Amino acid sequence: MNLYLTHRCNRGCPFCFARKVLQDAGNDLDEIMSIKEVKTLLDHFPEIENSIRNIGLLGGEPFLYPYLDKLLNLLSERGVSAKVFTSATNTMPDILKEMSIDNAVGKINFVVNVGTRDTYSEKQYQNLDLFLRHFAPLASLSYTIFDLKTNPTYLFDLIDGYGLSRNIRVGIALPILFGGNQYIALKDFKKAGCYFVDVAKQAAIRGITLSMDCGFIACMFTNQQIGELLRFGTGVHFLCGAAIDIGPKLQAWNCFPLFQIGRVDALRADNLSELEQMLKSSTAKYLGSSCGVLPECTECRLMQKGLCEGGCLSFKSIK
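Within any chain, residue numbers begin from 1 and follow the written order of that chain's sequence. Where local features are concerned, this predicted model is filtered to residues with pLDDT of at least 70; where side-chain atom pairs are given and counted, the filter is 80 or more; whole-chain, interface and lining totals use all residues. Hydrogens are left out, water is left out, and the side-chain values use all remaining heavy atoms of the structure.

Asker: How should I be thinking about the packing of helix H2 (residues 35-44) against helix H4 (residues 68-77) in this particular structure?
Answerer: In a pair of packed helices, the angle between the axes and the distance between the axes together describe the arrangement. Axis lines are fitted to C-alpha atoms, over the contacting stretch for helices. Their N-to-C directions set the angle, which ranges from 0 to 180 degrees. Numbering goes from the N terminus for both helices and strands, where a helix is a DSSP run of H or I of at least four residues and a strand is a run of E of at least two. For the pair H2 and H4, interaxial distance at closest approach is 10 Å and the crossing angle is 20°. In this view, H2 runs roughly parallel relative to H4, as classed from their interaxial angle. Seen along the crossing, H2 lies across H4 with a hand that is right-handed. Packed against H2, whose contacting residues are Ile35, Val38, Lys39 and Leu42, the element H4 presents Lys70, Leu71, Leu74 and Leu75 at the interface. Under this grouping Gly is polar, as are all residues other than the nonpolar Ala, Val, Leu, Ile, Met, Phe, Trp, Tyr, Cys and Pro and the charged Asp, Glu, Lys and Arg. Taken together, the residues that form the contact of H2 with H4 break down as six nonpolar, no polar and two charged. For classification purposes, an angle smaller than 35 degrees is called roughly parallel, one larger than 145 roughly antiparallel, one from 65 to 115 roughly perpendicular, and anything else oblique. Put simply, a crossing is left-handed when the front helix is turned counterclockwise from the back one by less than a right angle, and right-handed when it is turned clockwise. The contact definition used throughout considers only heavy atoms, calling two residues in contact when any of these lie within 4.5 Å.

Right, dumping it as structure tokens:
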């Protein structure tokens, strides 16, 4: 489960799933998730503390959330660790500046989405450098495939240079309803598959592995390519790993590409399993209950065996 804390962001990544939300926020940038709402959520869903014990923090940019110190202290008191998804290009909040690695272990880790050097201002890159120096043992990198020309070997240099986790979480840029972001079109998925295999090969040479995030489809790869990925140590899966996202006013949705359809009041559910089913039902009203975004998905044996879900339903939202 993820908490969407704030609309504020200083990056404006072209592939961002929240791009439309951030654009529409306009003068409502002060809309944030309150600490009271987080407490209400933890009390209403005790399984967060009792079994899940981990929660993602999203934005916007979590470093721009004004109550990050109170939130992290609250989660620590409740025995819930935080996974912060950040660009790390803003000045580190005081609570992080003062946090030692020994005190942070088991309480917080970071997934840092990084771009090429030319996408940063000098100050942003300085902030990223300071952050990676401080939190290297608890930081891993993420990368989103949104064009097929960028050579992401700069990621490998960052990992070697700072001693970061030697696994990179790789997602594929997906569309959002009403547009506004850059994504890989379905017609280019096979090309994206070749690109991903090439990156995985280059990573393996450096002793680095890749893990697939959501959106990949089995048929974007040949059987030979899947075999190569497995030999490279790639985390291969073609199932939807979308978490429940909950934002201000305790509105819940099933991942950002589908943010603008199927939102529900989280507190209407008695538990997270029920909330997940509510979101599936709500989304199905708009997109239908059938899985798969390609015509051939209906006859696919991998789908029939539950090994592939046929890509992200966000593609259905733009048809």
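There is more to say after this.
Asker: I keep staring at the packing of aromatic side chains and nothing clicks. Help me out?
Answerer: How two aromatic rings sit relative to each other is given by the distance of their centres and the angle of their planes. Centres within 6.5 Å are what make two rings of Phe, Tyr or Trp a pair, Trp counting through its six-membered ring; a difference in plane orientation under 30 degrees is then read as stacked, over 60 as edge-to-face, and the rest as tilted. A full pass over the atoms with the stated rule returns 14 aromatic pairs. A ring pair is formed by Phe131 and Phe135, whose centres lie 5.4 Å apart and whose planes are at 40°; its orientation type is tilted. Taken together, the positions of Phe131 and Phe135, both in helix H7 (residues 122-135) and four residues apart, correspond to about one turn of that helix. The same class applies to Phe131 and to Phe135, which are both buried. Ring geometry for Phe216 against Phe221: centres 6.4 Å apart, planes inclined by 20°, an arrangement best described as stacked. Connected via pairs of aromatic rings, a cluster forms that spans Phe63, Phe110, Phe131 and Phe135. For a ring to carry a charge above it, either NZ of a lysine or CZ of an arginine must fall within 6 Å of the ring centroid while also lying within 35 degrees of the normal to the ring plane. A cation over a ring is seen here: Arg117 above Tyr125, with NZ or CZ 4.0 Å from the ring centre. For the exposure calls, accessible area comes from a 1.4 Å probe over protein chains only, and a residue counts as buried if that area is under 20% of its type's maximum, exposed if over 50%, partly exposed in between.

Asker: Is there a simple way to explain the environment of Phe232 in this structure?
Answerer: Tracing the backbone through its elements, the reader meets Phe232 in the loop between helix H10 (223-231) and strand E8 (245-246). A C-alpha to C-alpha distance of 31 Å links Phe232 and Leu130, two positions 102 residues apart in sequence. Those residues within four positions of Phe232 in sequence are excluded, and the remaining contacts are Val197, Ala200, Lys201, Ala204 and Thr209.

Asker: Hey, could you run me through the nonpolar core in this one?
Answerer: What tends to happen in soluble globular proteins is that the nonpolar side chains get buried as a cluster. For the purposes of this section, nonpolar cores are sets of buried Ala, Val, Leu, Ile, Met, Phe, Trp, Tyr and Cys residues that join through side-chain atoms within 4.5 Å. Leu57, Phe110 and Leu275 are the most contacted members of the largest nonpolar core, which totals 91 residues. No other element matches the eight residues that helix H9 (residues 189-205) contributes to this core. Each residue touching Leu275, except ones within four places of it in the same chain, is listed here: Phe45, Ile244, Ile246, Ala252, Val264, Ala266 and Ala269.

Asker: What exactly am I supposed to notice about H4 here?
Answerer: What sets the pattern is the α-helix's 3.6 residues per turn: residues three or four places apart point alike. Within H4, burial applies to Leu68, Leu71, Leu72, Leu74 and Leu75. Seen from one end, H4 has its buried residues packed into an arc of 160°, which puts them on one side. Buried positions along H4 lie against H2, strand E2 (54-58), strand E3 (81-86), helix H5 (94-97) and strand E4 (108-113). Taken from the residues just after H4, Gly79 is the one with a positive phi, measuring 75°. The directions considered for the arc are those from the helix axis to the C-beta atoms.

Asker: For this particular structure, what's the right way to read H2?
Answerer: Taken together, the buried positions of H2 are Ile35, Glu37, Val38, Leu41 and Leu42. On an axial view of H2, the arc spanned by its buried residues comes to 160°, and they lie on one face. Exposed positions of H2 whose direction lies more than 90 degrees from the buried face are Lys36 and Asp43.

Asker: Sorry, what's going on with the side chain of Gln225 here?
Answerer: Tracing the backbone shows Gln225 in helix H10. Excluding its chain neighbours within four sequence positions, the residues that come into contact with Gln225 are Cys194, Val197 and Met220.

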